[in-house]
Every structure is written in structure tokens, then in C-alpha cells.
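Read off the chains here:
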Amino acid sequence: MDFSEKPQYAEFLNMVNDAYKSFDKDILHVENILEASSNELFKANQKLILERDSTKTKLENIVNNVGGVIFETDLHGNFTYLNKAWTEYSGLSIKHTIGKNFKDFLLGENIDGNLKFEKLFYGKKKHIKFIFKYYRNNKLMWFEVKCKLVVNHKAVPTGFIGTIIEVTNLKNIEIELNRASKSKDAFFSTMSHEIRTPLNAVTGLTNILLMEDYLPEQAENLKALKYSGEHLLGLINDLLDFDKIKSGKLNLVEKDLGLNYFLENIKSHFSLRAEKKGLKFYLVKENELPNSIIGDDLKLAQIIKNLLSNSLKFTEKGSVQLSIKNLGIDKNKIKLEFKVVDTGIGISKDRQGSIFESFTQADSDISIKYGGTGLGLSISKQLLEIQNSTLVVESELGKGATFSFVITYKVSNRLNGFEPDMVKIQPSYEPLSINVLVAEDNKMNILILKKFFSNWKVNYEIAENGKELLEIYKKSDFDLILMDLQMPVLNGYEATKRIRKLSNPTKANVPIIALTAFAQTDIRKKTERYKMNGFMGKPFNPIQLYNLLKSYSKDLINKPKVNINAR
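In short, a report on the structure. All of these numbers come straight from a predicted model, not from anything done at the bench. (Residues numbered from 1 in each chain as written. Predicted model: local features only at pLDDT ≥ 70, side-chain atom pairs only at ≥ 80, totals over all residues. Heavy atoms only, no water.)

Before going further, it helps to examine a nonpolar patch on the surface. Taken together, the side chains of Leu170, Ile173 and Leu177 make up a nonpolar region of the molecular surface, amounting to roughly 330 Å² of accessible area. For leucine 170, the position within the fold is in helix H4 (residues 168-211). What makes leucine 170 exposed here is its relative accessible area of 60%. (Patch = residues over 30% accessible without salt bridge, like charges linked within 9 Å, V, L, I, M, F, W, Y side chains within 5 Å. Areas by Shrake-Rupley, 256 points an atom, 1.4 Å probe, with all protein chains shown as cover. Salt bridge = Lys/Arg side-chain N within 4 Å of Asp/Glu carboxyl O. Helix = DSSP H or I, 4+ residues; strand = E, 2+ residues; numbered from the N terminus. Buried < 20%, exposed > 50% of the residue type's maximum accessible area, 1.4 Å probe, protein only.)

A full pass over the atoms with the stated rule returns 12 salt bridges. Residues glutamate 174 and lysine 171 are paired through a salt bridge, measuring 3.5 Å at the closest nitrogen-oxygen approach. With glutamate 174 and lysine 171 both in helix H4 and three residues apart, the pair spans about one turn of that helix. Among the ionic pairs, lysine 410 bridges to glutamate 254, the shortest N-O distance being 3.8 Å. With lysine 410 in strand E12 (residues 401-411) and glutamate 254 in the loop between helix H5 (219-247) and strand E6 (255-258), the pair connects residues that are 156 residues apart, well separated along the chain. Given the relative accessible area of 47%, glutamate 254 is considered partly exposed. In the salt-bridge network here, residues are joined through shared partners; they are Lys129, Glu144 and Lys146.

Core analysis: the largest hydrophobic core is formed by 39 residues, its most contacted members being Leu263, Ile304, Leu308, Leu322, Phe338 and Phe405. Elements with a minimum of two residues in this core: helix H6 (259-276), strand E7 (280-285), helix H7 (297-313), strand E9 (319-330), strand E10 (333-342), helix H9 (376-385) and E12. Considering every element that reaches this core, the biggest residue donor is H7, with seven residues. Counting 25 residues, the second largest nonpolar core, distinct from the first, contains Ala201, Val438, Ile448 and Leu480. (Core = buried A, V, L, I, M, F, W, Y, C linked by side-chain atoms within 4.5 Å.)

This part takes up the sheet that holds strand E1 (residues 69-73). The five strands are arranged E2-E1-E5-E4-E3 in an open sheet whose pairing can be described as antiparallel. The outermost strands of the open sheet, each flanked by one partner alone, are strand E2 (79-82) and strand E3 (127-136). With strand direction ignored, the average angle separating the axes of adjacent strands in the sheet is 25°. Pairing of E3 with strand E4 (residues 139-151) involves 10 bridges; the strand directions are antiparallel. The residue bridging tyrosine 134 from the neighbouring strand is methionine 141, located in E4. (Pairing = 2+ DSSP bridges. Axes fitted to C-alpha atoms, helices over the stretch in contact; angles between N-to-C directions.)

This is the structure in C-alpha cells:
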């Protein structure tokens, strides 16, 4: 076609041609840009790879040089990752271990606390922590495992990640501390037994002499001997209670407490002590008090007696007062404020903080002049602290002292003041109609019991060990068994166990009261575990012993028997 005749076609074709040329240039330009971008991306990618490899190397160096094993497992405890410390600790290669289960390397009995492996690794447990022992080349090593559950972006659990750290030194220290603690407990128990046994003879024989006829001029000496024995026993008990508190083994025993009867008993005891020293003793009930509360009566008695004894000791003239105030009842709980106020020597401001420290008194001269261990206030303070209370002192030197505390108790549902049968029975020392079998191997204790029983007209037999007691018991019937716990041949626990298994239900259920001079912190639980009806501590308190026998005597055969737990 001749485009000269139709120039408009020629112009159109030129435009198309120019457009193609322009498009080719654009494509070339884009290709150049893409090539440049590709080069930049390649360089950036290479840089990222280098940084990744560098970071990975650094992380591997860190992971492989930390002081412990870092591991990953699946939900079943199969290893998916381990650092090099695994080989160092276990002696096994990582290649050999990956894919194998944790329990393949860990026997159940090697886990501290006898935990089952199946209870350690499972998907619902978010955190796992335990200690296990591992023998390598006959060397015992201890390791601590800590790990946590790992979840994916959909919050689905996928496995565990954690660490294994050697804690051999710490575990060995813990084991030695436990051994030391057990040795200390054994020492205290043994010393308690060794001290209380001769002390039982001193106080027991003194009580017997006071019960019998004596010359008028002997009265003062006998009372002084009785006081000295009881004072020594009080010091021993303070030391034992101090040890229990420090070891955290002192527990609260809550039960119904007749508050008014409790306070009158305190008044009766301390009025006599104050009178002998030429002091006045006052019991002040500031407002209406409930007849009965629920709390640990022994701890409350110990606190108040410690405070009153302390005030009597440091008061030469004037008075000592115990006051009680009802601060209100809220949700069946009552707040009581106790105050012990004296007119004694007082305590200077700078010394008031130190008087609550163990074995510490306000002044060294005070210890020389007045005596004492400095444990009473410390024990009282700690007994209150475990009951969420605190001991407060207000005093000035030469102007007496006031010790106070506010304590919360539950209000009892009993309508009348609760007085246990053991308390109601007054020690008139009338003849008792009861047959008692006693297991006791100490000659002096046997002598004292025989004296008591003779005065109270008690029918009894003595066995010097558990085996002998069983032989006597199979041939005769008894209303009560007094069972010493520490005896040769067969101890009191094992003898009781055999009695409770007898086929005759009457004989198998005979009341058994444990006799012990030991200061074991678990004595109450242990006697209950062996189905004993209670325990009584040595030295024997004649009033407690008499009341115990009377509660099981034929005179009270239709009354419910009571347990006794007396130290």
C-alpha cells in the first residue's frame, strides 16, 4: 500500500512504531530497576544470613557454655533439643539422647519426694520443678529440673522447655541440716528424759512427804524443795518450748475453754504466790465476758502465767493486776484484751526492745539479783505471733510495767461455761475404786507411784516392760493401763499395738494413758496414732494423776471417760 496517497495511515503507523520503541525503553528501564533491586535484595539477604548465622553461633556458644543443661521435650517428655552440658553431666551423647524419653534416664525412686514420673510431664501442667539424684561413675549427684509448658500461636501446648542444674552441694547441705535437726531433736528428747527422770524423783518424793505427816519445822524445807523442783521443771519446759517454736513444730490445739473458770483458776494460783511475797493480786473483768470460747487454752495459760510470773518476780511491793476486756464480737469471733500491770522496778525506754530477745534481760544485774533465763517474755511474744497477735510493753524505770495483747478467739456455741470432767473433780484424795496396771521400768518412778497408790488405796500391779505387762494383762482385768513409752524388751507403743489387736473387745479397748519424760514434739499425734487415750508427762503431778485415776474409777463407771494430754 502506498501510504503517500493516504498520509493519515503513515502518521498512525509512525505513532505505533514510536510507542513500541518507547515501550521497549520502559521494559529495559524496569529490567534495570529490577536487576538493581535484585542485587540489593541479594546483598540484604546475604547480610541477614550472616547476621543469623552469627546470632545462632553466639546463642549456641552461650547455650553450650551456661552452667547447666538446657533442653526441650514434647508433651510426653521426649527430648527434642539438648545443649552440650547434657554430655558433660550425663556422659551420654546428644545424638544418642534426642528422641528418647526423660524417664529412660530417670528411675522413679531417684526423684526427690518419691514423685511419679507420669505426674511430672503432662499437657495441663504449666510449670514443673523437681530434684533427682543421678549416679555417674559411682558418684552421687543431685540435679534440679525446672521447665515450663510451651504453646504455639494458637495457644495449643507443644512441649516443654527448661533447665537442669546441678545442686549437689546445696542438697548435701540440706541433708546435713536435716541430720543436725534430727540430732538436735534426739538430744533434746534424751536430755529431757535424763533430766526429768531424777527430777520426777525429787518432786514426787517431796509431794509424798507433804501428803504424809511431817514435823512442823520441816514444812518450810519441804515447800522450798517442792518450789525448787517445780522451778527447775519450768525452766526445762521453757527451753523445750523455745526449741519447738524455733523449729516451727509448735501447733495450735483449739478446743472449748471456760473463760471465767480459766481466769478464776489463774487468780487462785497467783493470789497465793502474791500473798507469800506480801503483794496484792487483782483480777479485773472490765466488762461482760463470754462464758465459753474456742482456743488453745494451754498456750493462753502459758502466756498469762509467764507475764504474771515476770511481774511478780520484779515487784517488791504494791500489786500485780490481770485485767480482761471484751473489745467486741464480729462474725462469731471475739477480740479480748489482756493486760498485766505491776508496780515493780519498771523498764527503761532504751531497754524495752531487748527484753523480748531470747536469753536476754533488761540489765545484767537483774539476772544476778532476780534470776531467770530471760525466755519467758520471748516465748510469750512468739506464742502470740503464731496466733496473729503481738505483745506490747509500756513502762518507765521505777514506775512499774504494763504488758498487753489483743487476741481473737471463736465464740463457743455452748450455753454454759465448759468445765471438763478432769477439771471439775477436786483432789480430795479419797480412796479410789480402780484396778490399774502400770508399765514402768524406772525404780524411782515405781517407788513414787507405789507411794501415791498406797495413799489413795488404789489396786495396782507393776510390770517393768511391755512383754511382762502383756503376760499380766492376759491373766487379769484392769480398768486402766498406765503405759511408759520407753521400756526395754518391748516398748509402750508396741505393747499398746498388741493390746488393741486382742480378740476380746473388752480387753482390746481398755483405756491406755502414755507416761513419758520425753519432749518429742509429735508425742500427741503418735499416741493418737497408736490408739492411746492420752498421755501424761513426768515428773508426775499428784493432782493430775489422782484426777486421771478418779475419772476412770468405778465410782464414775457410767460417766464418759476423758482424754488427758498433760506435760
